[in-house]
Amino acid sequence: MKHIYAFEKMADYKEYQAIMQFFHERLQQYQEMLEKEYALHDLPKGVVWTSHELATSTFSTVPIPAFTNKDLIYMSPDLASWRALFVRQLEGKDLPHIQHFYEHYSVEHLFIVLAHELTHHSDLFVDDFDDERNDGIWFEEGMCFYLPRKMLLNEADLDEITRIERQLVEAFKEEHGGHSLESFGLSTYQGSLASIMFDYWRSYLAVKYLVEERANHDIKQIFDTYHNWHEAGRKQSLATYFGVEGLFDK
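Summarised in this report is the structure supplied together with it. (Residues numbered from 1 in each chain as written. Predicted model: local features only at pLDDT ≥ 70, side-chain atom pairs only at ≥ 80, totals over all residues. Heavy atoms only, no water.)

1. Considering the overall build of the protein chain
When helices and strands are counted, the protein chain shows 10 helices and 4 strands. The C-alpha radius of gyration computed for the protein chain amounts to 18 Å, which stays within 12% of the reference 18 Å derived for 250 residues, consistent with globular compactness. Taking all 250 residues of the protein chain together, 51% fall into the buried category. Summarising the internal contacts of the protein chain: among those between residues at least 6 apart in sequence, 72% fall at separations of at least 24. For the protein chain, the accessible surface area stands at approximately 12,000 Å², while carbon and sulfur atoms represent 47% of it. One way to put it: in the protein chain the 23 positive side-chain charges average out to a point 1 Å from where the 42 negative ones average out. (Helix = DSSP H or I, 4+ residues; strand = E, 2+ residues; numbered from the N terminus. Rg over C-alpha atoms; globule rule 2.2 N^0.38 Å. Buried < 20%, exposed > 50% of the residue type's maximum accessible area, 1.4 Å probe, protein only. Contact = heavy atoms within 4.5 Å. Areas by Shrake-Rupley, 256 points an atom, 1.4 Å probe, with all protein chains shown as cover. Lys, Arg positive; Asp, Glu negative; His and termini not counted. Charge placed at Lys NZ, Arg CZ, Asp CG, Glu CD.)

2. Considering the pattern of salt bridges
Counted according to the given criterion, the structure contains 10 salt bridges. Between Asp135 and Arg234 there is a salt bridge, with its nearest N and O atoms 2.7 Å apart. Linking Asp135 in the loop between α5 (107-119) and α6 (137-152) with Arg234 in the loop between α9 (219-231) and α10 (238-242), this pair joins segments that are 99 residues apart in sequence. Asp135 gets classed as partly exposed once you look at its relative accessible area, which sits at 26%. (Salt bridge = Lys/Arg side-chain N within 4 Å of Asp/Glu carboxyl O.)

3. Comments concerning the nonpolar core
Within the largest apolar cluster, 76 residues are counted, with the highest numbers of intra-cluster contacts made by Tyr102, Trp138, Phe139, Met143 and Phe223. Per-element tally for this core: the top contributor is helix α8 (residues 193-214), with 13 residues. Once residues lying within four places of it in the same chain are set aside, the contact partners of Phe139 are Phe125, Val207, Ile222, Phe223, Tyr226, Leu238 and Phe242. Membership of the second largest hydrophobic core comes to 5 residues, among which are Ala6, Val48, Ala55 and Phe67. (Core = buried A, V, L, I, M, F, W, Y, C linked by side-chain atoms within 4.5 Å.)

4. Details of the packing of α5 against α6
It is at 8 Å that the axes of α5 and α6 come closest, and there the two elements cross at 125 degrees. Between α5 and α6, the crossing angle belongs to the class labelled oblique. For the element pair α5 and α6, the recorded crossing hand is right-handed. Contacts between α5 and α6 pair Phe111, Ile112, Val113, Ala115, His116 and Thr119 from the former with Glu141, Cys144, Phe145, Leu147, Pro148, Arg149 and Leu152 from the latter. Residues that form the contact of α5 with α6 fall into these classes: 9 nonpolar, 2 polar and 2 charged. (Axes fitted to C-alpha atoms, helices over the stretch in contact; angles between N-to-C directions. Parallel < 35°, antiparallel > 145°, perpendicular 65-115°, else oblique. Left-handed = near helix turned anticlockwise from the far one by under 90°. Nonpolar A, V, L, I, M, F, W, Y, C, P; charged D, E, K, R; others polar.)

5. Comments concerning the packing of aromatic side chains
Inspection of every chain in the model, using the stated rule, returns 27 aromatic pairs. Ring centres 5.9 Å apart and planes at 40 degrees place the aromatic pair Phe22 and Phe23 in the tilted group. Among the aromatic side chains, those forming a connected cluster through ring pairs are Phe125, Trp138, Phe139, Phe223, Tyr226, Trp229, Tyr241 and Phe242. Just above the ring of Phe172 sits the side chain of Lys93; from NZ or CZ to the centre is 5.0 Å. Across the ring face of Tyr204, the terminal group of Arg149 is positioned such that the distance to the ring centre comes to 4.5 Å. (Phe/Tyr/Trp six-rings, centres within 6.5 Å; stacked < 30°, edge-to-face > 60°. Lys NZ or Arg CZ within 6 Å of the ring centre and 35° of its normal.)

If you want it as structure tokens, here you go:
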């Protein structure tokens, strides 16, 4: 993969040079793990490193400065902007311990965002980026967070982010819940930042539940079930097929 630097000012490149190099090296290591265990055969052409502003206003209009556009991953390495973004998603709710977590959001957790984007390129996912199908997107999005978190975070950090996102789903389900997991799609990005993130939190927790509670931590068993659903013609929604529809309504 090529690493492309798209900054308006040389000072921005210099400011983020160290973290970009660190992420570059870690991404190579994670890439090798995916190639060995999770069918990463066709790599994206590159990572475009850019500012928060350019990522969300020039290269995209989605308010999250990390995304994949077919053959390229776009990523902002600006940790301060990411911290501010994640605090803003709380919409002023009185969640001091969660706010503190995001105010001190770590480099390790930010790397997971980049790893999430690379995980999308695994051939274990049956839909392509330009595929017109919208069903089952929650599974891919949730698994693209579950895999790197499980593979790269230590147990304490994994438990912490899981606990926080579970609390966030509970805190926001009245405002942003009440719709199917299958609603994850283009319409997801038309709401507020919190409503966008709600679908990511919920998707990650659903996949974690499937892997750890239903499959005794066997990730490949869950992928096999997903492939069976696809190969049988997708006769029902994936959430229904897995039995997780309504999981967060309780």
